[in-house]
Amino acid sequence: MRASSSRRGGSAWAGVGFVVFLAGAALSNAIGVIVNDVPVTRQPITLPALLDGRVSQDMARQMAETPLPSMAARIERAASWVAIGDLGPRVRQGCPGWLFLSDEMAVHADGGAHAAARLQTVARVAQRLRAQGIDLMVVVVPDKSRIAERHLCGQARAPEFEGRARQWVDRLNAAGVPAMDLTDAMDLPHTDTFLRTDTHWNETGAHAAAAALTARLLAWHDAPARLGPRVQVTRTVSSPEPRPGDLVRLAGIDGLPLAWQPPQDTVAQSTFVVAADTATTDEAALFGDDALPSVALIGTSFSRTSNFVGFLQMGLQARVANAARDGGEFAGAAAAYFTSPAFRQTPPKLVVWEIPERSLQRPLADDPVLD
């Protein structure tokens, strides 16, 4: 009798706990959607998307961004890092202090076909731009795990990645689209060109990449016509300071005390000042439409990190309009820029399209339409 009463009491408390949990989840979702503007789904709601589960899958992904699951995930991530050194599914640790993005090492089904499809997309865009009198230069940024291979300490890259960037660039050049692989420019002996705790290149890498791109652009036979009026670019460098890495944030351990996190990078940040070169440019060019940038840069956060644009402007002695987007992957920035008033009303003479190597073979489903 007493045991039966105890079981009923336990069941009641379990029921209360379950109801409280559901209420907390519902409140968390409501706060996320109403207060934090988390969309219920970013997936267009169509019958095929409903039937194959894409809508429900995206809803689950969006609700994971609401306060309760987000807080629970961060606690779990921090505990896993402190207890066993685990950084979760999106970040891997190589040698001590060196973090890498898991995406770079992911083998995608039909990756070769995806890369081929993206090559055809770039070729079509180049053809359309050429018809408008606009040139296109494609630059592929190699994976951090390729350039910083000596810091992998056991983290493995698939053998089929060996020629991934170079072969894609070679095929693009063969198709008549100027393209370059930045691997050789960034693979400097005994010098790190990527940040340790961040996805991106450091200023040494950005400078090396910009210098290689500058040399290629200046070698074109009518470079002055493409680049527009010359500018003077001056650079100053600050004292080194700690720099938080995006991979620490992606791993969900940025809320821990600094002493418990991987050591931060220490970075001397450059500042660039661009001014018209009055000694070589006439008044009409200084104040008319000719003064607008003739070069537009589309791409990803690489083009927005470690002063890549500053180094590029300094090398070209020309203004560069930066239309790159964080998280743009293969074509996010291209889709936004080519439909923007800036492109329609003041088209450039040259577009530089920066593409990370890791984006070449990703599934095509998330690419915006460029055709």
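Residues numbered from 1 in each chain as written. Predicted model: local features only at pLDDT ≥ 70, side-chain atom pairs only at ≥ 80, totals over all residues. Heavy atoms only, no water.

Q: Describe the domain arrangement of the protein, with residues and values.
A: Split by domain assignment, the protein resolves into domain 1 (22-86) and domain 2 (110-359). With centres defined by C-alpha atoms, the gap from domain 1 to domain 2 works out at 32 Å. At the junction of the two partners, domain 1 supplies five residues and domain 2 supplies nine residues. Put simply, domain 1 and domain 2 have one salt bridge between them. (Domains from an automatic or database assignment. Contact = heavy atoms within 4.5 Å. Salt bridge = Lys/Arg side-chain N within 4 Å of Asp/Glu carboxyl O.)

Q: Talk me through the state of the cysteines; I want residue IDs and the actual numbers.
A: Scanning all chains against the criterion turns up one disulfide. Sulfur-sulfur distance for the disulfide between Cys95 and Cys153 comes to 1.8 Å. Note on the Cys95 and Cys153 pair: the S-S dihedral is about 85 degrees, so by sign convention the disulfide is right-handed. Linking Cys95 in the loop between strand S1 (91-93) and strand S2 (99-101) with Cys153 in the loop between helix H6 (144-147) and helix H7 (164-174), this pair joins segments that are 58 residues apart in sequence. (Disulfide = S-S within 2.5 Å. Helix = DSSP H or I, 4+ residues; strand = E, 2+ residues; numbered from the N terminus.)

Q: Give me helix H9 (residues 203-218): which residues, what numbers.
A: Between its first and last C-alpha atoms H9 spans 22 Å; for 16 residues at 1.5 Å apiece the expected length is 22 Å, and the two agree. Among all positions in H9, only Glu203, Gly205, Ala206, Ala208, Ala209, Ala210, Leu213, Thr214 and Leu217 are buried. One side-chain oxygen of the residue at the start of H9 lies 3.1 Å from the amide nitrogen of Thr204, identifying that residue as Asn202. (Expected span 1.5 Å × (residues − 1). Buried < 20%, exposed > 50% of the residue type's maximum accessible area, 1.4 Å probe, protein only. Polar contact = N/O pair within 3.5 Å; in protein donor to acceptor, adjacent residues only side chain to side chain.)

Q: Now, about the sheet that holds strand S11 (residues 350-356): what can you tell me, with residues and values included?
A: Pairing within the open sheet is parallel, and its five strands lie in the order S4-S3-S11-S9-S10. Two strands lie at the open edges of the sheet, namely strand S4 (179-181) and strand S10 (320-322), each paired on one side alone. Each adjacent strand pair in this sheet contributes to an overall mean axis angle of 20 degrees, direction not counted. Relative to S10, strand S9 (residues 295-298) is paired through three bridges, and the arrangement is parallel. Paired with Ala296 across the strands is Ala321, a residue of S10. Its contacts with the sheet place helix H5 (residues 111-131) against strand S3 (135-141) and S11, and it is angled at close to 150 degrees to S3. (Pairing = 2+ DSSP bridges. Axes fitted to C-alpha atoms, helices over the stretch in contact; angles between N-to-C directions.)

Q: Please set out the packing of H5 against H7 residue by residue, giving values where relevant.
A: Each packed pair of helices is defined by two parameters, the angle between the axes and the distance between the axes. Put simply, H5 and H7 touch, their axes get as near as 10 Å, and they point 35 degrees apart. For the crossing formed where H5 meets H7, the hand is right-handed. Along its contact with H5, which presents Ala115, Ala116, Arg118, Leu119 and Val122, the element H7 presents Trp168, Arg171 and Leu172. Grouping the amino acids of the contact of H5 with H7 by side-chain chemistry returns six nonpolar, no polar and two charged. (Left-handed = near helix turned anticlockwise from the far one by under 90°. Nonpolar A, V, L, I, M, F, W, Y, C, P; charged D, E, K, R; others polar.)

Q: Could you give me a rundown of the packing of aromatic side chains, with the residues and numbers involved?
A: All chains considered together, the criterion is met by nine aromatic pairs. Aromatic pair Phe272 and Phe311: ring centres 5.0 Å apart, planes at 80 degrees, arrangement edge-to-face. Note that Phe272 is positioned in strand S8 (residues 270-276) and Phe311 in helix H13 (residues 308-316), a separation of 39 residues in sequence. By the burial criterion, Phe272 is buried, and Phe311 matches it. The interplanar angle of 65 degrees and the centroid separation of 5.3 Å between the aromatic rings of Tyr337 and Phe343 together place this pair among those described as edge-to-face. A single burial state applies to Tyr337 and to Phe343, both of which are buried. Chaining the aromatic ring pairs together yields one cluster made of Phe194, Trp201, Phe302 and Phe308. For the cation-ring pair, Lys144 lies above Phe100, with the distance from its terminal atom to the ring centre recorded as 5.1 Å. The aromatic ring of Phe161 is capped on one face by Arg164, whose charged end is 3.9 Å from the ring centroid. (Phe/Tyr/Trp six-rings, centres within 6.5 Å; stacked < 30°, edge-to-face > 60°. Lys NZ or Arg CZ within 6 Å of the ring centre and 35° of its normal.)

Q: Explain the pattern of salt bridges residue by residue, including any values.
A: Pairing is possible between side chains that carry opposite charge, provided their charged atoms lie close to one another. Tallying each qualifying case throughout the model produces 17 salt bridges. Arg157 is the salt-bridge partner of Asp143, the closest N and O atoms lying 2.9 Å from each other. Pair noted here: Asp143 is in the loop between S3 and H6 and Arg157 is in the loop between H6 and H7, with a separation of 14 residues, a long-range link. Residue classification places Asp143 among the buried residues on the basis of a relative accessible area of 2%. Take Arg157: its relative accessible area is 19%, and that puts it in the buried class. One salt bridge connects Arg196 with Asp265, and the closest N-O pair in it is separated by 3.8 Å. Separated by 69 residues along the polypeptide, Arg196 in the loop between helix H8 (183-186) and H9 and Asp265 in strand S7 (residues 265-267) bring together distant segments of the chain. Among the residues examined, Asp265 registers a relative accessible area of 8% and is labelled buried. Ionic contacts of the salt-bridge type, sharing partners, join the residues Asp143, Arg146, Arg157, Arg164 and Glu357 into one network.

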